[in-house]
Amino acid sequence: MHKDSTNVGNKAVKIVTRSIWYIVLSVLAFIMLYPFIFTLLAGMNTSAEFGHAGALFPVPEVPQFGNLLFMFTPAGLRPLINTFTRTAWYTIVVSLMAILMGYVLARYRFRGKNFFLVTILATQMIPSVLTLIPAFVMMAHIPFVGGNNWMGMGGRGLINNSLAIYLPLGWGFLIWVFLFMQSMKSLPRDFEEAAELDGCGFWRTLFTIIVPMQMPMIAVIAVNVALGVWNDWLIPFLYINDIQRSTLPAWMGQLVAALQQFGDRDYPRIFAMSAVAILPPFFIFLFLQKYIIQGIASAGVKG
Amino acid sequence: MKSKALKIRTRGWREAKIAYLILIPFFVYIAFWNLLPLILGVLLGFAEYNALSPPTWVGLRNYHRFFYSGVYLPLLWRQVWIGALCLGVNTVLSFAVALALNTNARGRGFFRASFYVPAVAAVSVTTAVFVSLLAPFGGGFNRFLTSVDMDPIIWHHSQFWMVFWIVVYFVWRAIGPASIIWLGGLQGIDPSLYEAAKVDGANFRQRVRYITLPGLRFVAAFIILTGIIGAMQMFDIILFLTAGNPFGRTDVLMFRIYRYGAVTFNLGMAGAAGTILGIVTMFFAVLYFYHMRRREEKENA
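Keep in mind it's a predicted model, so treat the numbers as computed, not measured. (Residues numbered from 1 in each chain as written. Chains lettered and ligands numbered in written order. Predicted model: local features only at pLDDT ≥ 70, side-chain atom pairs only at ≥ 80, totals over all residues. Heavy atoms only, no water.)

1. Some points on the overall build of chain A
In step 1: A count of helices and strands for chain A gives 13 helices and 0 strands.
In step 2: Going from N to C terminus, chain A has its helices and strands arranged as α-α-α-α-α-α-α-α-α-α-α-α-α.
In step 3: A compact globule built from 303 residues should have a C-alpha radius of gyration of about 19 Å, whereas chain A, at 26 Å, is more than 25% larger.
In step 4: Principal-axis analysis of the C-alpha atoms gives chain A an extent of 80 × 65 × 35 Å.
In step 5: In chain A, once contacts between residues fewer than 6 apart in sequence are set aside, the share between residues at least 24 apart is 66%.
In step 6: Split by element, the accessible area of chain A, about 14700 Å² in all, is 69% carbon and sulfur.
In step 7: Once the 19 positive and 12 negative side-chain charges of chain A are each reduced to a mean point, those two points are 8 Å apart. (Helix = DSSP H or I, 4+ residues; strand = E, 2+ residues; numbered from the N terminus. Rg over C-alpha atoms; globule rule 2.2 N^0.38 Å. Contact = heavy atoms within 4.5 Å. Areas by Shrake-Rupley, 256 points an atom, 1.4 Å probe, with all protein chains shown as cover. Lys, Arg positive; Asp, Glu negative; His and termini not counted. Charge placed at Lys NZ, Arg CZ, Asp CG, Glu CD.)

And the structure:
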């Protein structure tokens, strides 16, 4: 009898705390998602409707898709394509780099291995402020391009050249080499030794034995690099002035920075562009969330 | 006997050859794009260069100006306190979120995802929403304030409000990753420890003090360490949300370095200020690193 009543009491307390939990988290989730709701709504306004700056909930009377479609006209499409190619390029390069370097560092024995390991870890401590502006200066002084002479003077170098957003390889990416190396340690050597006895060379062993077994880790690397590069507005923003050679987030950066100055602004178009820029990473997140979270978790534990 | 030794040696040589052939090209390429600018940046600090006329060597003048002109030290200090505010608020709130998400209730996956979504969108994209909402006349927030019969606030004229919104944006964007790292730490603690403590009669506070907090030490170190390095170089939010307003009172050193480097081409000063900010950042990082190490040794002893 007594036991029953406490059970009922416990249950009531449990239900109340659960409800509070749901209410509080729902409110928080709404706050977190609100800017995205705003973006979608505002992107479908007409300029007149949105007015000078828009309401808290700029619900359009008649949803307009003209600004969204603008992204797929020749003027808007080019930066979008650039963002895709740049993301794909760095994803492939960094994944390959992590696989190759990580494999060799984890499995092979050679002189100077410690030097490579220590260097990789040391670079992770160096703040990027030390290289940001000098890298920009260096870009402008690469010899023989953009009107530069052999001394690297006289022209603009790689500034405003499409190559400028594909060539640089920041040493921040080396963290993925380290994480791939770590994940190699949990893989037994038996498979490679068997493959080697069967006469497999370096490349065969790596790409037919190791890579298929390391697929989860490679997915973690690829997804996180892809997100980071897609959202990297700064490098294209610094190196490229011409929108047609730049990327969508960098273009957005120019538009948003200009909002701080006086002048005309077309908010609905900006928000329609935002929506397009957010969608690809949003879908990556939706379907590959597992790998993103594993990425932060492993960086958190080992980094 | 002899042939076996030879085999091992050739095998070792083969491995070394492959390793060098892979590592050295990558290292050289990365050194070109990173080490060279690092050296160039330090050299720039000793020069005056505006990208038009050739650079001239000015010795320590840029550094002297940094410390004695009264312009740059306040910027550095502002970088530190605004960064510390962002990081502190985010660390505490993300821990609270992690505690709230550390259940097995239905829907926690959705809530976890909603906290993380802001981090997968670019800063240059999501700041537009805040700029629009904060517009002084007819912005979303002021429209709301007038609709509930309150006076509109000219956010951009107040240092307090601008810093407030910088912190809000920072936390909005960074809370997801931080709380997921916290959550990983919470779930990494062996549940049998709590059981054992309960059997030994430890109350809730003691369990938190002696099991939860020590178990989270490394996670906390990671969040704060990476947070310091990030916050000391934060300028993107400033650039897009406030542009340093009101009257340069949210201008931080990193924003100034960016402007010198890419807008006004005061490249010598950008090099000197960048070198100093980089060293200060590394100093904070190393200081914190050693602090954690010492505490750990003390507790192990």
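2. Considering the overall build of chain B
In step 1: The helix and strand tally for chain B stands at 13 helices and 2 strands.
In step 2: Its C-alpha atoms give chain B a radius of gyration of 26 Å, more than 25% over the compact-globule value 19 Å for 301 residues.
In step 3: Dimensions of chain B, computed from C-alpha atoms along their principal axes, come out at roughly 90 × 70 × 35 Å.
In step 4: Relative to its 301 residues, chain B shows a buried fraction of 49%.
In step 5: Residue pairs at least 24 apart in sequence account for 67% of intrachain contacts in chain B once pairs closer than 6 positions are excluded. (Buried < 20%, exposed > 50% of the residue type's maximum accessible area, 1.4 Å probe, protein only.)

3. Brief notes about a nonpolar patch on the surface
In step 1: Side chains of Val-16, Ile-20, Ile-23, Val-24, Val-27, Leu-28, Phe-30, Ile-31, Ile-37, Phe-57 and Val-59 of chain A sit close together on the surface and give an oily, nonpolar patch of about 950 Å² of accessible area.
In step 2: One can find Val-27 of chain A in helix 1 (residues 2–43). (Patch = residues over 30% accessible without salt bridge, like charges linked within 9 Å, V, L, I, M, F, W, Y side chains within 5 Å. Salt bridge = Lys/Arg side-chain N within 4 Å of Asp/Glu carboxyl O.)

4. Describing the pattern of salt bridges
All names here are of chain B.
In step 1: One pass over the full model with this rule turns up 6 salt bridges over all chains.
In step 2: Among the ionic pairs, Arg-256 bridges to Asp-251, the shortest N-O distance being 3.3 Å. A single burial state applies to Arg-256 and to Asp-251, both of which are buried.
In step 3: In the salt-bridge network here, residues are joined through shared partners; they are Asp-251, Arg-256 and Arg-259.

5. Regarding helix 9 (residues 204–215) of chain B
Residue and element names in this part refer to chain B.
In step 1: With 12 residues, helix 9 should cover 16 Å at 1.5 Å per step; its first-to-last C-alpha distance of 15 Å lies within 8% of that length.
In step 2: Along helix 9, the residues that are buried comprise Arg-207, Ile-211 and Thr-212. Down the axis of helix 9, the buried set is contained in an arc of 85°. They therefore lie on one face. Opposite its buried face, helix 9 presents the exposed residues Arg-205 and Tyr-210, each directed more than 90 degrees away.
In step 3: For helix 9, the elements touching its buried residues are helix 7 (159–187) and helix 8 (191–199).
In step 4: N-capping of helix 9 is provided by Asn-203, with a side-chain oxygen placed 3.2 Å from the backbone N of Arg-205. (Expected span 1.5 Å × (residues − 1). Arc of directions from axis to C-beta. Polar contact = N/O pair within 3.5 Å; in protein donor to acceptor, adjacent residues only side chain to side chain.)

6. What to know about the interface of chain B and chain A
In step 1: Of the residues lining the interface, 94 residues belong to chain B; the matching set on chain A comes to 89 residues.
In step 2: Between chain B and chain A the total buried area reaches about 7900 Å² when both faces are included, carbon and sulfur atoms providing 78% of it.
In step 3: Where chain B meets chain A, there are 0 salt bridges.
In step 4: The greatest single-element share of the side of chain B that touches chain A, amounting to 25 residues, is contributed by helix 1 (residues 2–44) of chain B.
In step 5: Residues that form the side of chain B that touches chain A fall into these classes: 65 nonpolar, 21 polar and 8 charged. (Buried area = accessible area lost by both parts, 1.4 Å probe. Nonpolar A, V, L, I, M, F, W, Y, C, P; charged D, E, K, R; others polar.)

7. Description of unusual backbone geometry
In step 1: That bond from Asn-245 of chain B to Pro-246 of chain B is cis: its omega, 0°, falls within 30 degrees of zero.
In step 2: Within the element layout of this structure, Pro-246 of chain B appears in the loop between helix 11 (236–242) and helix 12 (253–262).
In step 3: If you check the backbone angles, Phe-144 of chain A has positive phi at about 70° while not being a glycine.
In step 4: Within the element layout of this structure, Phe-144 of chain A appears in the loop between helix 6 (129–140) and helix 7 (174–184).
In step 5: A relative accessible area of 66% means that Phe-144 of chain A is categorised as exposed.
In step 6: One non-glycine residue with positive phi stands out, namely Phe-265 of chain B, at about 55°.
In step 7: Checked against the element boundaries, Phe-265 of chain B lands in the loop between helix 12 and helix 13 (267–300).

8. Topic: the nonpolar core
When a protein is soluble and globular, its nonpolar side chains tend to lie buried together.
In step 1: Counting residues in each nonpolar core, the largest one holds 190 residues, and the members touching the most others are Met-101, Trp-176 and Phe-180 of chain A.
In step 2: For this core, the element with the most residues is helix 7 of chain B, which contributes 15 residues.
In step 3: Aside from chain neighbours lying at most four places away, what touches Trp-176 of chain A is Val-94, Ala-98, Val-220, Ile-221, Asn-224 and Val-225 of chain A. (Core = buried A, V, L, I, M, F, W, Y, C linked by side-chain atoms within 4.5 Å.)

9. Focus: the confidence of the model for chain A
In step 1: Averaged over all residues, the pLDDT of chain A equals 87, while 95% of them reach at least 70.
In step 2: Helix 2 (residues 47–50) of chain A is the least confidently modelled element of chain A, averaging 82 in pLDDT, while helix 4 (residues 74–107) of chain A averages 94, the highest of any element. (pLDDT = per-residue confidence, 0-100.)

10. As for the packing of helix 3 (residues 72–101) of chain B against helix 12 of chain B
Residues and elements named next belong to chain B.
In step 1: Relative to each other, helix 3 and helix 12 sit at 125°, their axes nearing to 7 Å. The pairing of helix 3 with helix 12 is recorded here as oblique in orientation. Where helix 3 abuts helix 12, its residues Tyr-72, Leu-75, Leu-76 and Gln-79 lie against Leu-253, Met-254, Arg-256 and Tyr-260.
In step 2: Here the residues of the contact of helix 3 with helix 12 are counted per class, giving 6 nonpolar, 1 polar and 1 charged. (Axes fitted to C-alpha atoms, helices over the stretch in contact; angles between N-to-C directions. Parallel < 35°, antiparallel > 145°, perpendicular 65-115°, else oblique.)

11. Looking at the packing of aromatic side chains
Residue and element names in this part refer to chain A.
In step 1: What the rule picks out here adds up to 56 aromatic pairs over all chains.
In step 2: Taking the centre distance of 6.1 Å and the plane angle of 55° together, the rings of Phe-50 and Phe-271 count as tilted. Remark: Phe-271 occurs in helix 13 (residues 267–302) and Phe-50 occurs in helix 2; sequence separation between them is 221 residues. Neither Phe-50 nor Phe-271 differs from the other in exposure class; each is buried.
In step 3: Joined through ring pairs, the aromatic side chains of Phe-30, Tyr-34, Phe-38, Phe-50, Phe-57, Tyr-267 and Phe-271 make up one cluster.
In step 4: Geometry around Phe-70 places Arg-269 over its ring, the cationic atom sitting 3.7 Å from the centre. (Phe/Tyr/Trp six-rings, centres within 6.5 Å; stacked < 30°, edge-to-face > 60°. Lys NZ or Arg CZ within 6 Å of the ring centre and 35° of its normal.)

12. A few points about the side chain of Asp-232 of chain A
Residues and elements named next belong to chain A.
In step 1: Take Asp-232: it is sitting in the loop between helix 10 (215–231) and helix 11 (234–239).
In step 2: Of the polar contacts made by the side chain of Asp-232, one reaches the backbone nitrogen of Leu-234; its length is 3.2 Å.
In step 3: Within polar-contact distance, the side chain of Asp-232 engages the backbone nitrogen of Ile-235 at 3.5 Å.

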